[in-house]
Amino acid sequence: MPQDVDVIDTFPLIKVPGRLELAKADVLGELALAQAPFSGRLIACILAGEDEGYGGHVIERSLTDTDDPFMMALGKVPEDAKLYGIMIAGKGPMKEKHVLPSGKAYDAIAPRLLPGSPIVVMPPNQTDMCRIIPESRHQTAYRPKPASVFEGTTVMEIYGEAIRNTSLSMEDCMFVAQLRLAGLQYGIHYFLTGSANGDSGPSVTLRPGMYGDLDIIAVSEMDRATVEAQFEGLAEAYYGVLEKTPKVVQVAGTNRKIEGCIYTNPVSGISIDFFVSGIVEDAFVRPESLERNYFHQLS
């Protein structure tokens, strides 16, 4: 988190409560059945019914042919049964948010959840600690959002929009304001995505108000090198000298990869994930973020 932001972890990691030990044993049993030879991300879940849990685990046959653990579990739930919550576990090289259900899976499960049903998340590669996410949080965070397009034409107008609509620190809000003006000037469409976008998406479900980096997408007809150079000049004028590291990311559920870079400054602690594309549909690492409007169009 930026140094000028003091945020309390709303749903801190706690030891798995005794009342959830049976569900924990069930979800770890499902995890042992998971197969992920391509991504390495083993994920399992239990949908808690009144008298039993319904388990599911990921099975990867290829990068584009995967059994969703949440849909597998839902397929086992009797037609008239209600659910008391979801418990999730994971293993392998992934972030905590990667174990959460997709928006499509969540939408399928949500009508079966009783009021107050939590999502209990054991972070990847942990078996003793968990976060308990209440319904009020996961229901709001997973809800598709109206499209958000910034409209300010002055630095202070845009700065105000960023403060109202994102989780950014004051410093980063001012950078976003400068970025929008630069985008308008040079014909570059900039998008703010990721956990700093405000009140939506998997990261926000887990840790609302907290973010570790800026996720910026640039869409332009100009070549990638030109767009990167323009962005680098603006970012370094604001954050100081930045170290640039190439980054290649697999687009979820496809064989396609997106090439980008990470800009960092160890002194200020800033980290920016930056991707450039000719069309917006090809720029999002998680297509679902585009489909559910988990972003702000800055310019």
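Residues numbered from 1 in each chain as written. Predicted model: local features only at pLDDT ≥ 70, side-chain atom pairs only at ≥ 80, totals over all residues. Heavy atoms only, no water.

Draft legend 1. Spatial organisation of the overall build of the chain. Along its length, the chain carries 9 helices and 14 strands. Computed over its C-alpha atoms, the radius of gyration of the chain comes to 20 Å, within 12% of the 19 Å expected for a compact globule of 299 residues. Here the C-alpha coordinates of the chain stretch approximately 60 × 40 × 35 Å along the principal axes. The proportion of buried residues among the 299 residues of the chain is 49%. Contacts spanning at least 24 positions in sequence make up 68% of the contacts within the chain whose residues lie at least 6 apart. Accessible surface, the chain: about 14000 Å² in total, of which carbon and sulfur atoms supply 54%. The average position of the 26 basic charges and that of the 39 acidic charges among the side chains of the chain differ by 3 Å. (Helix = DSSP H or I, 4+ residues; strand = E, 2+ residues; numbered from the N terminus. Rg over C-alpha atoms; globule rule 2.2 N^0.38 Å. Buried < 20%, exposed > 50% of the residue type's maximum accessible area, 1.4 Å probe, protein only. Contact = heavy atoms within 4.5 Å. Areas by Shrake-Rupley, 256 points an atom, 1.4 Å probe, with all protein chains shown as cover. Lys, Arg positive; Asp, Glu negative; His and termini not counted. Charge placed at Lys NZ, Arg CZ, Asp CG, Glu CD.)

Draft legend 2. View of the pattern of salt bridges. Summed over all chains, the structure comprises 10 salt bridges. Notably, a salt bridge pairs Asp65 with Arg61, separated by 3.6 Å at the nearest N-O pair. (Salt bridge = Lys/Arg side-chain N within 4 Å of Asp/Glu carboxyl O.)

Draft legend 3. Examining the confidence of the model for the chain more closely. The pLDDT averaged across the chain works out to 92; a share of 97% of its residues lies at or above 70. Confidence drops under pLDDT 50 across residues 1-6; counting only partners more than four residues distant or on other chains, this segment forms 11 contacts. (pLDDT = per-residue confidence, 0-100.)

Draft legend 4. Focus on the sheet that holds strand β2 (residues 42-48). Spatially, β1-β8-β7-β6-β2-β3 is the arrangement adopted by the 6 strands of the open sheet, whose pairing is mixed. If you trace the sheet from one side to the other, it starts and ends with β1 (14-15) and β3 (53-57), each paired once. Looking at chain direction, β2 and β3 are connected through 5 bridges and run antiparallel. The residue of β3 that forms the bridge with Ala44 is His57. Along the sheet, helix α1 (residues 21-31) makes contact with β2, β3 and β6 (85-91), crossing β2 at roughly 140°. (Pairing = 2+ DSSP bridges. Axes fitted to C-alpha atoms, helices over the stretch in contact; angles between N-to-C directions.)

Draft legend 5. Fine view of the sheet that holds strand β10 (residues 214-219). The strand order β11-β12-β13-β10-β9-β14 describes an open sheet built from 6 strands, whose pairing is mixed. The open sheet has two edge strands, β11 (243-250) and β14 (296-297), and neither has a second partner. The sheet contact formed by β11 and strand β12 (residues 257-265) spans 8 bridges and is antiparallel. Residue Lys244 lies in a different strand from β12, and its bridge partner there is Tyr263. Docked against the sheet, helix α6 (residues 170-186) engages β9 (189-193), β10 and β13 (270-277), running at close to 5° with respect to β10. In this fold helix α8 (residues 224-239) packs onto β9, β10, β11, β12 and β13, with an angle of close to 160° to the strand it touches most, β13.

Draft legend 6. Structural view of helix α4 (residues 135-142). All of the buried residues along α4 are Arg137, His138, Ala141 and Tyr142. Along α4, the residues classed as buried sweep out an arc of 105° about the axis, all on the same side. For α4, the elements touching its buried residues are α3 (103-109), β7 (119-121), β8 (129-133) and α7 (202-206). (Arc of directions from axis to C-beta.)

Draft legend 7. Layout of the pairing of β2. Counting buried positions over the 7 residues of β2 gives 6, a clear majority of the element. Strand direction decides the pairing type here: β2 and β6, joined by 7 bridges, are antiparallel. Residue pairing in the sheet places Leu42 in a bridge with Lys91 of β6. Between β2 and the antiparallel strand that follows it, β3, lie 4 residues.

Draft legend 8. Spatial organisation of the nonpolar core. Core analysis: the biggest nonpolar cluster contains 40 residues, and Leu47, Ile86, Ile88, Ile109, Ile119 and Val121 have the highest contact counts within it. For this core, the secondary-structure elements that each account for two or more residues are α1, β2, α2 (69-74), β6, α3, β7 and β8. With 6 residues, the single largest contributor to this core is β2. With 33 residues, the next largest nonpolar core counts Val176, Ala196, Leu242 and Leu298 among its residues. (Core = buried A, V, L, I, M, F, W, Y, C linked by side-chain atoms within 4.5 Å.)

Draft legend 9. Highlighting the packing of α6 against α8. Axis separation between α6 and α8 bottoms out at 11 Å; the angle between their running directions is 150°. Comparing the axis directions of α6 and α8 gives the class roughly antiparallel. The chirality of how α6 crosses α8 is right-handed. Touching Glu171, Asp172, Met174, Phe175, Gln178, Leu179, Ala182 and Tyr186 of α6 are Gln230, Phe231, Leu234, Ala235, Tyr238 and Tyr239, all from α8. Along the lines of polarity and charge, the residues of the contact of α6 with α8 split into 10 nonpolar, 2 polar and 2 charged. (Parallel < 35°, antiparallel > 145°, perpendicular 65-115°, else oblique. Left-handed = near helix turned anticlockwise from the far one by under 90°. Nonpolar A, V, L, I, M, F, W, Y, C, P; charged D, E, K, R; others polar.)

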